[in-house]
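# Inside the fold
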Amino acid sequence: MDLAEVPFFHLRTVDLFSGCGGLSLGFQNAGFDIVAAFDNWQPAIEVYKLNFHSPVYQRDLGTPGIAKEIAPYNADAIIGGPPCQDFSQAGKRSEDGGRAILTVRYGEIIAQCRPKIVVMENVPRARNSKALGTIRSLLKRSGYGLTERVMDASYCGVPQARKRLILIGILGAKDNVMERYLVEGLSTNPLTVRDYLGNSLDTEYYFRIPRSYDRRAIFSVDEPSMTIRGVDRPIPPNYKQHPNDAAPVEKARCLTPKERSLIQTFPDTFKFTGTKTDINQMIGNAVPVKMAEYVAKAINRYLMDCA
């Protein structure tokens, strides 16, 4: 099958925890009709407004009864990336409270609105959490067949070795029906920064602040980027060279927020506004656009086979 020939189905889609719109843009590129988005962080909402025609609402999605505001959109699909900080290695790892409860709320909204398709993105660690177990039970009781896969974005058209859990629910389907569709379009080799951006960065090496200086911090454009995070700091003047660094520190520079957004596969035309800190945070929090598009196209291929 020529994957480029898969038709669009223009499904009415609501994006929850939309942030600045990485998931929305990827699904929109694959033909999904984004009819509304919801988030609770004003800086990201302002950026969303700049880049999409669909309405975006500032709402606390943990509020009881919020599903009543979402249901009138009659969504065929609900997509979202609930906050993952409480699951991530950089977070507090509180799997029973904090913002992890919003992952459970996401499942409750789905169960009440009952779209045909649901997509959730999160960090791989969430797979073993109590919150995700609750979501699985909620969706199974609501009649969804579930497919879960931890995916590496660098095999999905993103020049970044970013691993994410993708959970897809299809109303009335069997479990794991999406597995082969998620696999069949994967590239053979991971995408490097140079593969995607050519020589436009005008540097061979760049610095990314590590979570711990036990890890390397200097990377080559001839490998996939490490996960783009929501923090961005200059090279410390006393940085001690790590043995696994791709080059001496003198040959590296930091990436700009714009360059980091390009590695997240936002198009050059995507507009960002706000403080540098806020922009870095929303870029790091976003689902890579091309990864979202890859998942959306996999759903389209499934729907074509079912038509």
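Below you will find a few notes about this structure.

Conventions and cut-offs
Along each chain, the written sequence defines residue order, and numbers are assigned to residues from 1. A pLDDT threshold of at least 70 governs which residues receive local features in this predicted model, and a stricter bar of 80 or more applies before side-chain atom pairs are shown or counted, although totals over entire chains, interfaces and linings include all residues. Only heavy atoms go into the side-chain values, all of them from the structure, while hydrogens and water stay out. To qualify as a helix, a DSSP run of H or I must reach at least 4 residues; to qualify as a strand, a run of E must reach at least 2; elements of each kind are numbered from the N terminus. Using a 1.4 Å probe on the protein chains alone, a residue whose accessible area is under 20% of its type maximum counts as buried, one over 50% counts as exposed, and one in between counts as partly exposed. A pair of strands is considered paired only if DSSP assigns at least 2 bridges between the two. Axis definition: a line fitted to C-alpha atoms, over the contacting stretch in the case of helices. Angles run 0 to 180 degrees between N-to-C directions. Here roughly perpendicular refers to angles of 65 to 115 degrees, roughly parallel to angles under 35, roughly antiparallel to angles over 145, and oblique to all remaining angles. A crossing counts as left-handed when the near helix is turned anticlockwise from the far one by less than a right angle, and as right-handed when that turn is clockwise. Should any heavy atoms of two residues lie within 4.5 Å, those residues are counted as being in contact. Ten residue types, Ala, Val, Leu, Ile, Met, Phe, Trp, Tyr, Cys and Pro, are classed as nonpolar, four, Asp, Glu, Lys and Arg, as charged, and the remainder, Gly among them, as polar. Whenever a nitrogen or oxygen atom comes within 3.5 Å of another N or O atom, the pair is scored as a polar contact, on the condition that within protein one atom can donate a hydrogen and the other can accept it, and that pairs from neighbouring residues in sequence are kept only if both atoms are in side chains.

What follows deals with unusual backbone geometry. For His-10, which is not glycine, the phi torsion reads 50° and is therefore positive. Structurally, His-10 is set in the segment before β1 (12-16). Judged by relative accessible area, which is 53%, His-10 ranks as exposed. If you check the backbone angles, Thr-265 has positive phi at about 65° while not being a glycine.

Turning next to the pairing of strand β4 (residues 77-80). Burial of the side chains of β4 extends over both faces: Ala-77 and Ile-79 are buried on one face and Ile-78 and Gly-80 on the other. Two elements, β1 and β4, share four bridges in a ladder whose sense is parallel. Bridging from a neighbouring strand, Thr-13 pairs with Ala-77 of β4.

Moving on, we get to the packing of helix α1 (residues 22-29) against helix α10 (residues 289-306). As a packed pair, α1 and α10 sit with axes 7 Å apart at the nearest point and diverge in direction by 45°. Comparing the axis directions of α1 and α10 gives the class oblique. Relative to α10, α1 is oriented so that their crossing is right-handed. Of α10, the residues touching α1 (which contributes Gly-22, Leu-23, Leu-25, Gly-26, Phe-27 and Asn-29) are Val-289, Ala-292, Glu-293, Val-295, Ala-296 and Ile-299. Residue composition of the contact of α1 with α10, by class: eight nonpolar, three polar and one charged.

Locating Glu-259 in the fold gives a position in helix α8 (residues 257-263). From its side chain, Glu-259 meets the backbone nitrogen of Thr-256 in a polar contact 2.9 Å long. Leaving out residues up to four positions away in the same chain, Glu-259 has contacts with Leu-201, Arg-253 and Cys-254.

Keep in mind that these numbers describe shape and distance, not what the molecule does.
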